[in-house]
Each structure stands twice: as C-alpha cells, then as structure tokens.
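What follows is the residue order along each chain.
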Amino acid sequence: MGFSRDYFSSDFLHNLLHKHNLMIFGLYGIIGFILLSIVIFCTLFVYEHFFWTNKIKDVRKKHVVVTGGSSGIGKCMAILAAKKGANVTIIARNVENLEKAKHEILQACENKDTQRVEYLSLDIGDYETVEKALADLENDMGPIYMLVNCAGLAIAGKIEDTTPKSLDIMMRTNFLGTYYCIKAVTPRMKASKEGVIVLVSSQGGLLGIFGYTAYCSTKFALRGLAESLAMELQPYNISVTLCLPPDTDTPGYAIEELSKPIETKAISQMANLVQPEVVAEKAFKDALARNFFSALGLEGFIMTTLCAGMSPVKSYRQLFVQVLLMGPLRFIGIVYLFIFQRIIAQCKQYTNSENIKKVK
Ligand SMILES: *[C@@H]1O[C@H](CO)[C@@H](O)[C@H](O)[C@H]1NC(C)=O
Ligand SMILES: *[C@@H]1O[C@H](CO)[C@@H](O)[C@H](O)[C@H]1NC(C)=O
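A quick note: this is a predicted structure, and the numbers were derived from the prediction, not measured. (Residues numbered from 1 in each chain as written. Chains lettered and ligands numbered in written order. Predicted model: local features only at pLDDT ≥ 70, side-chain atom pairs only at ≥ 80, totals over all residues. Heavy atoms only, no water.)

A. View of the overall build of the protein. If you tally the helices and strands in the protein, you get 12 helices and seven strands. Overall, the C-alpha framework of the protein stretches about 100 × 75 × 35 Å when taken along its three principal axes. Split into buried and exposed, the 360 residues of the protein put 43% on the buried side. The long-range fraction of contacts in the protein, counting pairs at least 24 apart against all pairs at least 6 apart in sequence, stands at 74%. For the protein, the accessible surface area stands at approximately 20,600 Å², while carbon and sulfur atoms represent 62% of it. Positive and negative side-chain charges of the protein, numbering 38 and 33 respectively, have mean locations separated by a distance of 3 Å. (Helix = DSSP H or I, 4+ residues; strand = E, 2+ residues; numbered from the N terminus. Buried < 20%, exposed > 50% of the residue type's maximum accessible area, 1.4 Å probe, protein only. Contact = heavy atoms within 4.5 Å. Areas by Shrake-Rupley, 256 points an atom, 1.4 Å probe, with all protein chains shown as cover. Lys, Arg positive; Asp, Glu negative; His and termini not counted. Charge placed at Lys NZ, Arg CZ, Asp CG, Glu CD.)

B. Structural view of a negative patch on the surface. Taken together, the side chains of Asp123, Asp126, Glu128 and Glu131 present a region of like negative charge at the surface. Of note, glutamate 128 is situated in helix α5 (residues 127-141). (Patch = residues over 30% accessible without salt bridge, like charges linked within 9 Å, V, L, I, M, F, W, Y side chains within 5 Å. Salt bridge = Lys/Arg side-chain N within 4 Å of Asp/Glu carboxyl O.)

C. Looking closely at the UniProt feature "transmembrane region" (unreviewed entry) in the protein. The sites that carry the UniProt feature "transmembrane region" (unreviewed entry) are, in the present numbering, residues 22-47, 292-313 and 319-339. Between the end C-alpha atoms of residues 292-313 the distance is 7 Å, and the span holds 45% helix and 9% strand. (UniProt positions renumbered as here; feature names shortened; annotations may be inferred.)

D. Just the UniProt feature "domain: Ketoreductase" (unreviewed entry) in the protein, in detail. The UniProt entry lists residues 62-249 under the feature "domain: Ketoreductase" (unreviewed entry), expressed in the numbering used here. Spanning residues 62-249, this segment combines 48% helix with 18% strand, and its end C-alpha atoms are found 29 Å apart.

E. Expanded view of the site of ligand 2. Every residue close to ligand 2 is listed here: Lys57, Tyr145, Lys193, Glu194 and Asn237. Between tyrosine 145 and ligand 2, the recorded distance is 2.5 Å, taken from a side-chain N or O atom to an oxygen atom. Asparagine 237 has a polar side-chain atom sitting 2.4 Å from an oxygen atom of ligand 2. (Near = heavy atom within 4 Å. Polar contact = N/O pair within 3.5 Å; in protein donor to acceptor, adjacent residues only side chain to side chain.)

F. The arrangement of the domain arrangement of the protein in detail. As assigned here, the protein comprises domain 1 (22-53) and domain 2 (63-325). For domain 1 and domain 2, the distance between their C-alpha centres works out to 36 Å. Contacts between the two partners involve eight residues from domain 1 and, on the opposite side, seven residues from domain 2. In this assembly, domain 1 packs against domain 2 so that about 740 Å² is buried in total across both faces, 78% of it on carbon and sulfur atoms. It is Phe41, Leu44 and Glu48 in domain 1 that bury the most area against domain 2; as a group they hold 53% of the surface buried on that side. Remark: the boundary between domain 1 and domain 2 carries one salt bridge. Of the charged contacts, one joins glutamate 48 and arginine 317 as a salt bridge, the two residues approaching to 3.5 Å between their closest N and O atoms. Along the contact surface separating domain 1 from domain 2 lie three residue pairs in polar contact (both at pLDDT 80 or more). Broken down by class, the residue content of the side of domain 1 that touches domain 2 amounts to six nonpolar, one polar and one charged. (Domains from an automatic or database assignment. Buried area = accessible area lost by both parts, 1.4 Å probe. Nonpolar A, V, L, I, M, F, W, Y, C, P; charged D, E, K, R; others polar.)

G. Representation of the sheet that holds strand β7 (residues 293-294) within the structure. Strand order in the open sheet made by the seven strands is β3-β2-β1-β4-β5-β6-β7, with parallel pairing throughout. The outermost strands of the open sheet, each flanked by one partner alone, are β3 (117-121) and β7. Direction of pairing for strand β2 (residues 87-92) relative to β3: parallel, over a ladder of five bridges. Among the inter-strand pairings, isoleucine 91 is bridged to a residue of β3, identified as leucine 120. Packing of helix α4 (residues 95-108) onto the sheet brings it into contact with β2 and β3, and relative to β3 it is tilted by some 165°. (Pairing = 2+ DSSP bridges. Axes fitted to C-alpha atoms, helices over the stretch in contact; angles between N-to-C directions.)

H. The arrangement of the site of ligand 1 in detail. In the vicinity of ligand 1, the contacting residues are Lys61, Asn87, Thr114, Arg116, Met141 and Gly142. One nitrogen or oxygen atom from the side chain of asparagine 87 is found 2.3 Å from an oxygen atom belonging to ligand 1. Note that an oxygen atom of ligand 1 is positioned 2.8 Å from one of the backbone N or O atoms of methionine 141. A total of 360 Å² of accessible area belongs to ligand 1 in isolation, and the protein chains cover 51% of it. A per-class count over the shell around ligand 1 returns one nonpolar, three polar and two charged.

I. Quick peek at the pattern of salt bridges. One pass over the structure, following the stated rule, counts 16 salt bridges. Aspartate 58 is the salt-bridge partner of arginine 60, the closest N and O atoms lying 3.8 Å from each other. Taking relative accessible area as the criterion, arginine 60 reaches 38% and is therefore assigned partly exposed. A relative accessible area of 38% means that aspartate 58 is categorised as partly exposed. Between lysine 260 and aspartate 247 there is a salt bridge, and its shortest N-O distance comes to 3.9 Å. Here lysine 260 is found in the loop between α8 (251-259) and α9 (262-268), whereas its partner aspartate 247 is found in the loop between β6 (238-243) and α8, with 13 residues between them in sequence. Where salt bridges share partners, they join Lys102, Arg116, Glu118 and Asp140 into one cluster.

Laid out in structure tokens, this is it:
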C-alpha cells in the first residue's frame, strides 16, 4: 500500500500523467471534431442531394450569345449550346474566323433544321455600337437567354514593359467589353425574369501573378462586376457565373506565351495546360446549375474556397466547407506564395549572370 502511494505521489509521474491526460484529451477533441465535421457534411450532402430541388436550367430552344465565340473557350461554349438545342450567335471581330466557327457549330447542332447559328462581327469596346448591335440581334434572333462573355486576351510583361496601349486593349476587351455586353442585355433579361450570365475571368482573377499587372487587374475587375451583378440580378431570376480557368490551350494562349517573362513562364509551368473543351464543359454545367464560381479540379476547389470572401454561397454544404477550410487553406496558399518568391529570386539571379556574360 505504502509503496503504491509513494509511487503515485511522485511529482514526476503526476506531471507526466497530467500531460498525458491533456494530450489524450486534445487528441479525442481533434478526432471528435473531424468526425463531427464529417457527420455534418454527410447530413448536409444527403439533405441537399435528395430533398433540395435545385432545378438545372436548360438552353433548349433558347438564344445563347457567346462573345469571343470564334475560337478557344468561347467556341467550345457555343458548340455545347448548339449540342443542347439552342439557337446560337457568336460575336468576334474577324469575319473569316467567324465563318469557320459558325460552320463547326452548325455541325454540332442537335437538330440542324430547327436551330439557327449566326455570327456578328463586332468590336465590343464601344458601348453605343454594342447596344445597337445586340438590340438588333434580339429583334432578329429572339431574346437572349444566356450571355457568355469569353472575349478576352492576355499580354504579359513586367510593369515597365507593359505599354499603355496593351493595358488599354486588355481593359477594353476583358473588362469594358464584358461590362458593355451585360449592360446592353440586362434590361430585357430583367423584364423576362430569366437569364444566365457567364463571365470568363481567370485564376489570375483571384491572385496576382508576376508579369500580369495589367491582365490580372482586368480579371480582378470582372470579379467585382460578377459579385455586384449576382446581388442585383438575383431577384430577377438571373444567375451569374464567374468562370476561373487556369492556363488553357487556345490560340490566345499561344500568342500570350510570346510575351511572358521567364518568371511568369516558370510560375505557370507549375500547373498543367488544360484543354478549352474541359473548361467550357465545366463552365456550362456550373452556369446551368447557377453556381457562382466555376473552377476546375482540386486546384480550382482550393482557390475558390480560399478566396470565397464575400462571394455568394450556393448551399449549406458549400458554406460549411468554406468555414471549415478557409483558415487551413490560407497556410497552403502561403506555401505557394513562398515557392513563387523563390522562383522569382532564382530567375533574377539567372538573368543577372546572363547579363554579366553578355557584358564580358
Ligand atoms: C430558334 O430558331 C428557330 C429557327 O429559326 C426559330 O423558329 C425559333 O423561334 C428560335 N428560337 C428562339 C428562342 O429564338
Ligand atoms: C426562372 O428561370 C427559369 C429558367 O431559367 C424558369 O424555368 C423559371 O420559371 C423562372 N422562375 C420564375 C419564378 O420566373
């Protein structure tokens, strides 16, 4: 008896046990928290999957307009709309490209006899022109149900190498063009109490990247536009979707490659180049499901969860995941930023040594 009392009253053991208890307590706490989270997530999933009536929208027999529709993601979106039975109008500037794309989209039509595919050669950088052209288009082709804003371009370069002209053309096409088209169609969409608006931003619309001071600015602007629009148009039964594609294998991307500083190339090589069909398919699905963000894969999930901020939320499940993961994902985000900084430092060292060689 005396032995065991001595044994347990030893300060050392007492402390150890105390610590041990705390550790076990902490461990149970963490396990409990994770289990509880899983249970809540599953409950929400079951509830929303089976009892939530989320009507998926349909473009059959509706008029779908796609800007930047003669190539890349835009053309793929137009093809998807044609496959789903919509009347499609593509907008771009180059008539030759439009003709070619129109032919391709016609081939994709679900029913070639009843569907119409047209094109409009238009510079979306001037509001008066856009307003008149879209009003005329609706008179001819019927009210626009879905507007997909894909027109955009990227010119990369360090800030000192970014000419005011390239800044201007990106601002005009990526941001103003999108704003103008949306502004021109919303009054009629509001009146008809239905509609879908898609804005094609970029992953660079959620984080700034070396060499993209101008490009990222225009793509960030689209997020502000999309969030404000979503709030304004929600009472009118019009959904807004912001598409955030990673680097996509399009004709535009090939041109952009030419202007990229080595830092930008090195950073963008960390992610895969995706095909425009894949981006378009996801964007189309998300738009018809009224999701606010449309992003691809795990990377897209991390980005949109981390950067959810004040964006509209789709479901309790999504809200729960965001509340739970935003903090921890911040840590992953910081690791990425750290890697980017290392890449940039290495590139600077490399260019310095190249310059020294040149001088010699
Ligand atoms: C689509 O085009 C067909 C054929 O021209 C037309 O009959 C139909 O009304 C159009 N639908 C809409 C919604 O404009
Ligand atoms: C909302 O729009 C969808 C089509 O996008 C339509 O089916 C539905 O009837 C509309 N709801 C209301 C309340 O107008």
